[in-house]
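Chain and residue survey
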Amino acid sequence: MKLFRVHVGFYDRSTGERLYETHLNYFIAAENAKAAKTKAHSLEEFQANSMHIDGIKKISNVQGYEVFLRK
């Protein structure tokens, strides 16, 4: 498993006008980017807010530290 940051956007319905796009990041464990995309699409919040994916990035290191996922 690898760690992916899935950057999503959506128009917040609570503002009424929907002029501004809001963004969130989800951190998802998956075998590859395609699987991470599928998992993001299956999230209840993603569907409820009609979100879209702006980008997916595999996270393999942070400030010189390697990232390992362990269950």
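Residues numbered from 1 in each chain as written. Predicted model: local features only at pLDDT ≥ 70, side-chain atom pairs only at ≥ 80, totals over all residues. Heavy atoms only, no water.

1. Some details on unusual backbone geometry
- Of note in the backbone geometry, Ser50 takes a positive phi value of approximately 50 degrees without being a glycine.
- As for its placement among the helices and strands, Ser50 is situated in the loop between helix H2 (44-48) and strand E3 (52-59).
- Overall, Ser50 belongs to the partly exposed group, its relative accessible area being 47%.
- Phi is positive for Gln63, close to 50 degrees, though the residue is something other than glycine.
- Looking at the element boundaries, Gln63 is found in the loop between strand E4 (61-62) and strand E5 (65-66). (Helix = DSSP H or I, 4+ residues; strand = E, 2+ residues; numbered from the N terminus. Buried < 20%, exposed > 50% of the residue type's maximum accessible area, 1.4 Å probe, protein only.)

2. A few points about the sheet that holds strand E2 (residues 21-30)
- If you walk across this open sheet you meet the three strands as E2-E1-E3, and the pairing is antiparallel. Each having just a single partner strand, E2 and E3 make up the two edges of the open sheet. Neighbour to neighbour, the strand axes of the sheet diverge by 20 degrees on average, direction disregarded.
- Most of the contacts of helix H1 (residues 33-42) go to E2, to which it runs at about 120 degrees, and overall it touches strand E1 (2-11), E2 and E3. (Pairing = 2+ DSSP bridges. Axes fitted to C-alpha atoms, helices over the stretch in contact; angles between N-to-C directions. Contact = heavy atoms within 4.5 Å.)

3. A word on the environment of Ser50
- Taking the C-alpha atoms as reference points, Ser50 and Gly9, separated by 41 residues in sequence, lie 8.9 Å from one another.
- With sequence-adjacent residues up to four places away left out, Ser50 is seen in contact with Phe10 and Arg13.

4. Remarks on the nonpolar core
- Counting residues in hydrophobic clusters, the biggest one holds 11 residues: Phe4, Val6, Val8, Phe10, Tyr26, Ile28, Ala30, Ala36, Ala40, Phe46 and Met51.
- A total of four residues in this core trace back to one element, the largest contributor, which is E1. (Core = buried A, V, L, I, M, F, W, Y, C linked by side-chain atoms within 4.5 Å.)

5. Re the environment of Ala33
- Of note, Ala33 is situated in helix H1.
- Judged by relative accessible area, Ala33 falls into the partly exposed class, the value being 35%.
- When the C-alpha positions of Ala33 and Ile59 are compared, they lie 11 Å apart, and in sequence the two are 26 residues distant.
- In contact with Ala33, other than residues within four places in its own chain, are Phe4 and Ile56.

6. A word on the pairing of E1
- With 10 bridges connecting them, E1 and E2 associate as antiparallel partners. Residue pairing for E2: Phe4 is matched across the bridge by Ile28.

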